[in-house]
Amino acid sequence: MDIVKAVETYITKMVSTPSSMKVLLLDNHTTPIVSLSATQSTLLSHQVYLTDKIDNKKRERMAHMKCICFLQPSEESFEALEAELREPKYGEYYLYFSNILSKTAIERLADADEFEVVREVQEYFADYAPILPCLFSLNHTPNAQRPLYGNSPNVWDPKALERAVQGVTAVLLSLKKKPVIRYEKSSPMAKKLGVEIQHRIQSESQLFDFRLTQVPPLLLILDRRSDPVTPLLSPWTYQAMVHELLGIQNGRVDLSMVPDIRPELKEITLTPNTDPFFAAHYLATFGDLGTALKNYVQSYQSHSLAHSPSSINSITDMKRFVEEYPEFRKLGGNVSKHVALVGELSRLVERDKLLDLGEVEQGLATGSGADLKDVQALVANPAIQPWNKLRLVMLFALRYQKSQAQNVASLINLMLENGVSREDAKLVYVLLNVAGSDQRQEDLFSAEALLAKGRSALKGLKGVENVYMQHTPHLSQTLENLFKGRLKEATHPFLDGAGPNAGLQRPGDVIIFMVGGTTYAEARVVALLNQESSFGNSAASGTRLLLGGTCVHNSSSFLEMLRTAAANFPESVYEPPPGSATNMPSLNLNLGGVNVSLGGPAPGVYRTSGEGVSLQTEGIKDGVRNLLGKVKQGVDRIASQP
């Protein structure tokens, strides 16, 4: 179930015909899908010499060119396409749509094609962003203009629901899967989405007429509200850190705000299918990443010596140099990119004290030692960014909502005294009202859950124990229960029509969809389980997993989702939840003005035993700083050589 290959196959089919010079027209929705799936050189190899937007009115008329249109079947795209067909700029048009076309839509196209330039109309179900082979996103990061929720945390915004149905349906069609559906019982939104998808499958029965398998695939619909901890934690693996601290938007990272960045590195591409170093290390922890980068730089250094003028002494050497130079230049560019990226991550980790913060976060998330004094010290520390203080208090509030309500109240007051605005502090109450212990189906922090995680077969996935990687997303426990037949129908029921023995059958293919967005931490769990499954000696053996979500969150986007959603919820969402301490400050004042320092944290490093944590952590911090400093010096030295 490689989602990247599925979309690449569609794109390749699309641009392969006709065999002549072509233009590719896209809309705002399909542009990021194509950019994640096809490079410029791939398009050029299929004679696509121009890529443009369908709504660009300034395109020149080129009747000798053929035109391929890949569009979402939305009203905006239809209007732009109708205008294009009434005044065609190209000789022939080949129309491809990313989702199911209605009969009315086809009739509209026929009416608009007055000059009979349309040669082909097809549905290619690439209606989602393929981020990793095992991760897709619907690119719906909620904001005030594109909300996810309706007037309560249990209700979909109608447009968001339709987009989710279209996206998941496209995934199923592109992979040729007709699944049985399970959903998280505590989530009315998960059930609603499952019902709508099942209805779409039944109404499009011809499209879903795939060869039956002995055990049908499973679509498991979960809700972000059941695990609000994972998106709040500082991540410590390469891809997740970049997304948290800098943001990854459709495989691109904006480095224009980085001090002294070189012009060619102000925006970089970061996708596993175009970057071999990233493909090998996107799951690596921050500590392992430093070592890998050092080796990468040394490899580049040895190549640079091989290409120095003194090494060219014969015609054969010249020929080798000419043949290898493009690859050498490409390697040099990639080394510079990753050194700049890891250097900036290191600077932000140092500036924002994220190693200190991360250790306490992990203690709160796992119950391994962080206490009130640790949190108070960080909240009172002026070197800690207000945004990070807010995350820390939220994690404390989620963990101790019932057992230490007085301390939660005192931390909120302390936070207000130390640079966090009332507008931001209100989000603590919003979080507890939307995803607190009364809203969650399972207790994320119970002793039983911790013991279960300790026994988990997933424990071995992490290799060397990592002081910053102790927390395991709740998804891993859900999946292990599924593999072992312990995922109860009382908590994750089937939709009607699954059959009487559905719960006893172990599916070979599982597609997990997270309403409210997933994270790169959860994608890592799925990627490692898929690796384990291929070896055939784990709980996941023989099961292929695919993870998707309405978007891929970092802590900023997760809290912004809560902020914009709460504006449409009842006013009580800004009040302390039932059962709170009497000294909880009232923050429901001056609703409006948004004041968030978007950004976040991330790092990662390991220890080999549970002893001497603080001493070893300090050594790790110094080691990472020194290593990254030496790597950067080495690259700068190579770059300065003539």
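Fair warning: this is a prediction, and the values are worked out from it, not measured in the lab.

I'm lost on helix 18 (residues 474-483) in this one. Help?
Quick reminder: α-helices carry 3.6 residues per turn. Residues three or four places apart thus point the same way. The element helix 18 is extensively covered by neighbouring structure, given that ten of its ten residues are classed as buried. Where helix 18 is concerned, the buried positions are His474, Leu475, Ser476, Gln477, Thr478, Leu479, Glu480, Asn481, Leu482 and Phe483. Backbone geometry just downstream of helix 18 places Gly485 in the positive-phi region, at approximately 70 degrees.

Please explain the side chain of Gln239 as it appears in this structure.
Tracing the sequence through the fold places Gln239 in helix 8 (residues 238-245). For Gln239, the contacting residues outside a window of four places in its chain are Ile131, Leu132, Ile248, Phe278, Tyr282 and Tyr520.

I keep staring at empty space enclosed by the protein and nothing clicks. Help me out?
In this approach the atoms are scanned with a rolling probe the size of a water molecule, which exposes any empty space left behind. Using the criterion set out here, one finds seven cavities of 30 Å³ or more in the structure. Taken as a whole, the second largest cavity spans an internal volume of roughly 70 Å³. Taken together, Glu184, Leu222, Asp223, Ser226, Asp227, His474, Leu475, Thr478, His492, Met514 and Glu522 make up the lining of the second largest cavity. Contributing elements (two or more residues each) for the lining of the second largest cavity: strand 9 (218-223) and helix 18. Looking at side-chain class alone, the lining of the second largest cavity contains three nonpolar, four polar and four charged residues.

Quick question: what am I supposed to make of the layout of surface pockets here?
Looking at the second largest pocket, its volume works out to about 820 Å³. Taken together, 33 residues line the second largest pocket, and the ones lying closest to its centre are Thr39, Gln40, Thr269, Thr271 and Thr274. Put simply, the parts of the chain that give the lining of the second largest pocket at least two residues each are helix 2 (30-37), helix 3 (40-45), strand 12 (267-269) and helix 11 (315-351). Among the residues making up the lining of the second largest pocket, the classes are represented as ten nonpolar, 15 polar and eight charged.

What exactly am I supposed to notice about the pattern of salt bridges here?
Pairing of side chains with opposite charge becomes possible as their charged atoms draw close. All told, the structure shown has 23 salt bridges when counted by the stated rule. As a salt-bridge pair, Glu480 and Lys484 come within 2.9 Å of each other at their nearest N and O atoms. Judged by relative accessible area, Lys484 falls into the partly exposed class, the value being 42%. Salt bridges here are not isolated pairs; linked through shared partners, they connect Glu75, Glu82 and Arg108.

Mind showing me how you'd approach the packing of aromatic side chains here?
Each aromatic ring pair is specified by the distance between its two centres and by the angle formed by the two planes. Applying the stated criterion to the full structure yields 13 aromatic pairs. Plain terms: the ring middles of Tyr149 and Phe569 are 6.0 Å apart, the flat faces sit at 75 degrees to each other, and that makes the pair edge-to-face. Here the residue Tyr149 occupies a position in the loop between strand 7 (135-137) and helix 6 (158-175), and Phe569 occupies one in the loop between helix 20 (555-566) and helix 21 (613-640), the gap between them amounting to 420 residues. Each member of the pair Tyr149 and Phe569 is classed as buried. Connected via pairs of aromatic rings, a cluster forms that spans Tyr10, Tyr96 and Tyr124. Positioned above the aromatic ring of Tyr574 is the side chain of Lys426, whose terminal nitrogen or guanidinium carbon lies 4.5 Å from the ring centre.

What is the right way to look at a nonpolar patch on the surface in this model?
A surface patch of nonpolar side chains, amounting to about 290 Å² of accessible area, comprises Met21, Leu44 and Tyr49. Here Leu44 lies in helix 3. Owing to a relative accessible area of 39%, Leu44 belongs among the partly exposed residues under this scheme.

Would you mind showing me how to read the sheet that holds strand 10 (residues 248-249) here?
In a beta sheet, neighbouring strands pair by backbone hydrogen bonds and run either parallel or antiparallel. Taken together, the three strands give an open sheet; going across it, the order is 10-11-12, and neighbouring strands pair in antiparallel fashion. Single-partner strands in this sheet number two, and they are strand 10 and strand 12. Both strand 11 (residues 252-254) and strand 12 contribute to a ladder of three bridges, which runs antiparallel. Bridge assignment links Val253 to a residue of strand 12, and that residue is Ile268.

When you look at unusual backbone geometry in this model, what are you seeing that I'm missing?
A cis amide bond links Thr17 to the next residue, Pro18, at an omega of -5 degrees. Note on placement: Pro18 falls in the loop between helix 1 (3-16) and strand 1 (22-26). Phi is positive for Glu116, which is not a glycine, with a value near 55 degrees. In this fold, Glu116 is placed in the loop between helix 5 (103-112) and strand 5 (118-123). With a relative accessible area of 59%, Glu116 lands in the exposed category. At Lys353, a position not held by glycine, the phi torsion is positive, near 55 degrees. Following the sequence through the fold, Lys353 ends up in the loop between helix 11 and helix 12 (354-366).

How should I be thinking about the packing of helix 13 (residues 372-380) against helix 14 (residues 386-400) in this particular structure?
In a pair of packed helices, the angle between the axes and the distance between the axes together describe the arrangement. Between helix 13 and helix 14, whose axes approach to 10 Å, the crossing angle comes to 160 degrees. The pairing of helix 13 with helix 14 is recorded here as roughly antiparallel in orientation. Here the hand of the crossing between helix 13 and helix 14 comes out left-handed. Residues Leu372, Val375, Leu378 and Val379 of helix 13 lie in contact with helix 14, whose contacting residues are Lys389, Leu392, Val393 and Phe396.

Can you help me understand the nonpolar core in this one?
Side chains of nonpolar character tend, in soluble globular proteins, to be buried together. Counting 172 residues, the largest nonpolar core has Leu193 and Ile197 as the members making the most contacts within it. Leaving out residues up to four positions away in the same chain, Leu193 has contacts with Trp156, Leu161, Ala164, Val165, Ile221, Phe513 and Val515.

Got a minute to help me understand the environment of Glu87 in this structure?
With respect to the helices, strands and loops of the structure, Glu87 is situated in the loop between helix 4 (75-86) and strand 4 (90-97). Put simply, Glu87 and Arg61 are 26 residues apart on the chain and 9.6 Å apart in space, counted from C-alpha to C-alpha.

Mind showing me how you'd approach the sheet that holds strand 2 (residues 48-53) here?
Spatially, five strands are ordered 2-1-3-4-5 in an open sheet, and the strand pairing comes out parallel. Of all strands in the sheet, those with a lone pairing partner are strand 2 and strand 5, marking the two edges. Looking at each pair of strands side by side, their axes are set apart by 20 degrees on average, direction ignored. Strand contacts of helix 1: strand 1, strand 2, strand 3 (62-71) and strand 4, with the helix running at about 160 degrees to strand 3, the strand carrying the most contacts.

Any chance you could explain the environment of Phe210 here in plain terms?
Among the structural elements, Phe210 can be located in the loop between helix 7 (188-203) and strand 9. When the C-alpha positions of Phe210 and Lys176 are compared, they lie 6.4 Å apart, and in sequence the two are 34 residues distant. Leaving out residues up to four positions away in the same chain, Phe210 has contacts with Leu172, Leu173, Lys176, Lys177 and Lys178.

What's the story with helix 7 in this structure? I'm lost.
Taking 1.5 Å of rise per residue, the 16 residues of helix 7 would be expected to cover 22 Å, and the 22 Å separating its terminal C-alpha atoms lies within 8% of that figure. Of all the residues in helix 7, the buried ones are Met189, Ala190, Leu193, Gly194, Ile197, Arg200 and Ile201. The buried side chains of helix 7 occupy one side of the element, clustering within an arc of 135 degrees when seen end-on. Buried-residue contacts for helix 7 involve helix 6, strand 8 (180-183), strand 9 and strand 13 (509-515).

Analysis parameters
Within any chain, residue numbers begin from 1 and follow the written order of that chain's sequence. At least 70 in pLDDT is required for a residue's local features to be given in this predicted model, at least 80 for side-chain atom pairs to be given and counted, and no such filter applies to totals for whole chains, interfaces and linings, which use all residues. Side-chain numbers come from the whole structure's heavy atoms, not from hydrogens or water. Accessibility here uses a 1.4 Å probe with only protein chains present; expressed as a share of the type maximum, an area under 20% marks a residue as buried, one over 50% as exposed, and anything in between as partly exposed. For helices the rule is a DSSP run of H or I covering at least 4 residues; for strands it is a run of E covering at least 2, with both sets numbered from the N terminus onward. Only heavy atoms matter for contacts: two residues are in contact if any of them lie within 4.5 Å across the pair. Space inside and on the surface of the protein is sampled on a 1 Å grid over the protein atoms alone, with a cavity defined as a set of points where a 1.4 Å probe fits but cannot get out and a pocket as an open set with protein on both sides within 12 Å along at least 5 of 7 lines; lining residues have an atom within 4 Å of a point. Grid points are joined across faces, edges and corners, and a volume is the space filled by probe spheres set on the points. Charged means Asp, Glu, Lys or Arg here, nonpolar means Ala, Val, Leu, Ile, Met, Phe, Trp, Tyr, Cys or Pro, and polar covers whatever is left, Gly included. One side-chain nitrogen of Lys or Arg within 4 Å of one carboxyl oxygen of Asp or Glu is enough to make a salt bridge. Two rings belonging to Phe, Tyr or Trp (six-membered ring only in the last case) form a pair when the distance between their centres is within 6.5 Å. Interplanar angles under 30 degrees mark stacking, angles over 60 mark edge-to-face geometry, and anything in between is tilted. Charge-over-ring contacts are defined here by two conditions on Lys NZ or Arg CZ: a distance within 6 Å of the ring centre and an angle within 35 degrees of the ring normal. Surface patches are defined over residues having more than 30% relative accessible area and no salt bridge, joining like charges when they lie within 9 Å and nonpolar side chains (Val, Leu, Ile, Met, Phe, Trp, Tyr) when within 5 Å. Computed with a 1.4 Å probe, the accessible areas rest on the Shrake-Rupley method; for each residue, only the protein chains presented here act as cover. Two strands form a pair only when DSSP identifies at least two bridges running between them. Here, axes are lines fitted to C-alpha atoms. For helices the fit covers the stretch in contact, and angles between N-to-C directions go from 0 to 180 degrees. Working rule for angles: under 35 degrees goes down as roughly parallel, over 145 as roughly antiparallel, 65 to 115 as roughly perpendicular, anything else as oblique. Handedness of a helix crossing follows the sense of rotation of the near helix relative to the far helix, less than a right angle counterclockwise being left-handed and clockwise being right-handed. The definition of a nonpolar core used throughout is a set of buried Ala, Val, Leu, Ile, Met, Phe, Trp, Tyr and Cys residues joined through side-chain atoms within 4.5 Å. To estimate how far a helix should extend, the number of its residues minus one is multiplied by 1.5 Å. Directions pointing from the helix axis toward each C-beta atom define the arc.

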